[in-house]
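Okay, here's what each chain looks like letter by letter:
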Amino acid sequence: MRAHPFLALLLTPLLTLTPVAARAQEQTPLGIGLEGFAYPFPVRFLPLTRDGEAQRLAYMDVPAAENANGRTVLLLHGRNFPSSYWEPVIRALSNAGYRVVVPDQLGFGKSSKPVGAFTFDRMAADTIALADSLKISRFDVVAHSMGGMLAVRLARSYPQRVNSLVLEAPIGLEDYRFTVPPVPDETLLAREGDLSADAYRKQLMTSYALSIPASAIEPFVSIRERVKGSGEYPRWLKSFVNSYQMIWGQPVVHEIPLVKAPTLFIMGANDHNAPGKGFAPAEMRSGMGDNTGHARALAGRMPNGKAEVINNVGHLVHMEATEMFNALTLEFINTH
């Protein structure tokens, strides 16, 4: 049971342009706040402060389409994606009566790009500040990839605010410090800065074991290429590297069994993504990324955990198996 309705939404802007116009759009530089890249719903901004500088946290706040049930779902994105990729999930939740709040964390998407060290604690506090500003006292969380690590810290630090968790292909189900040595910022900056569009496309398709065509991720490849034309690209690059250091140096796996909120892991059976795997000694790489195995084991150690595995899909479950993902998500949060 798989569907790809998001593909048409992603490709429509390019299909309506002539080939020359499409290529010109793909090459037009983007600001590091993704100015010029359209999101599916209106974007608002919450003023924050980080690194002694004024920052803006971008977010979408989508009301229930009909029959509002008075509940709110918070969607937390992964590291390589803007929050716009949540569109099919937003629509499903909104149509089911939920208010849906979808932030870009600082450092990502349309939000400001801090240059200091990132922490999940700070991200969690920023997320609570957003909820407070919107007068949302309690919410359910659906989180993907890096967002899953943030969701764990959010649930641990603010348990009274989190009603339930749906963790889609979360990373952080193992402690990467045990297999991956520390990598200097200079090495990461050079590696990320030298990554071509073709190499990035291949990295996403192979590391994430995606079952969708490469054209489906082209908007994300295009964003990364176009921000290179911004005068603030070095700031974007530094911010992106800082997020890797946070993922490597701030594990949450040891806290997952302590999460009290009902939690559903939705995993792609083909997903063996493990950040930093390329830096690990060759003899240790094969043991990394047993994500479905880790999810099942961790769910069994939680007070109220459950794991669902979808066959023949990888890391982008909500894009690869849209209907099944939405059905599992709604069934879970509807009953908690």
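Because the structure is a prediction, the values reported are computed rather than measured. (Residues numbered from 1 in each chain as written. Predicted model: local features only at pLDDT ≥ 70, side-chain atom pairs only at ≥ 80, totals over all residues. Heavy atoms only, no water.)

What follows is about the pattern of salt bridges. By the definition in use, this model includes 18 salt bridges. For Arg 44, the salt bridge is made with Asp 61, and the minimal N-O distance between the two is 3.8 Å. Placement of Arg 44 in strand S1 (residues 44-50) and of Asp 61 in strand S2 (residues 53-62) is noted, with a sequence separation of 17 residues between them. Classification of Arg 44 as partly exposed rests on a relative accessible area of 43%. Residue class for Asp 61 comes out buried when judged on its relative accessible area of 14%. For Asp 126, the salt bridge goes to Arg 122, with nearest N and O atoms at 3.1 Å. Of this pair, Asp 126 and Arg 122 are both found in helix H4 (residues 120-133), four residues apart, which corresponds to roughly one turn of the helix. Using a relative accessible area of 2% as the deciding quantity, one classes Asp 126 as buried. Here the residues in one salt-bridge network are Asp 121, Arg 153, Arg 156 and Glu 255, joined through shared partners. (Salt bridge = Lys/Arg side-chain N within 4 Å of Asp/Glu carboxyl O. Helix = DSSP H or I, 4+ residues; strand = E, 2+ residues; numbered from the N terminus. Buried < 20%, exposed > 50% of the residue type's maximum accessible area, 1.4 Å probe, protein only.)

Turning to the pairing of strand S5 (residues 139-144), a few remarks are in order. Among the six residues in S5, six count as buried, and that is most of the element. Of the two faces of S5, the one lined by Phe 139, Val 141 and Ala 143 and the one lined by Asp 140, Val 142 and His 144 are each fully buried. Of the strand pairs in this sheet, strand S3 (residues 72-76) and S5 are connected by four bridges, and their pairing is parallel. Bridge pairing in S5 places Val 73 opposite Asp 140. Where S5 and strand S6 (residues 162-168) come together, five bridges link them in parallel fashion. Each bridged residue has a counterpart across the sheet, and for His 144 the counterpart in S6 is Glu 168. (Pairing = 2+ DSSP bridges.)

The subject of this paragraph is the confidence of the model for the chain. Considering every residue of the chain, the mean pLDDT works out to 93; 92% of them sit at 70 or more. Note on residues 1-25: pLDDT is under 50 here. Beyond four places in sequence and across chains, it has 36 contacts. (pLDDT = per-residue confidence, 0-100. Contact = heavy atoms within 4.5 Å.)

Positive phi, normally seen in glycine, also occurs at Lys 135, with a value near 60°. With a phi close to 40°, Ala 169 is a non-glycine residue in the positive phi region. Locating Ala 169 in the fold gives a position in the loop between S6 and helix H6 (185-193).

With that settled, consider the packing of aromatic side chains. In this description, an aromatic ring pair is defined by two values, namely the gap between the centres and the angle between the planes. Per the counting criterion, the structure on display carries ten aromatic pairs. Judged by centre distance (5.0 Å) and plane angle (85°), the ring pair of Phe 81 and Phe 220 falls under edge-to-face. In this pair, Phe 81 sits in the loop between S3 and helix H3 (87-95) while Phe 220 sits in helix H8 (residues 218-226), placing the two residues 139 residues apart along the sequence. Both residues of the pair, Phe 81 and Phe 220, belong to the buried class. Aromatic rings pair up to connect Phe 81, Tyr 85, Trp 86, Tyr 208 and Phe 220 into one cluster. Directly above the aromatic system of Phe 279 lies the positively charged group of Arg 191, at a separation of 4.6 Å from the ring centroid. (Phe/Tyr/Trp six-rings, centres within 6.5 Å; stacked < 30°, edge-to-face > 60°. Lys NZ or Arg CZ within 6 Å of the ring centre and 35° of its normal.)

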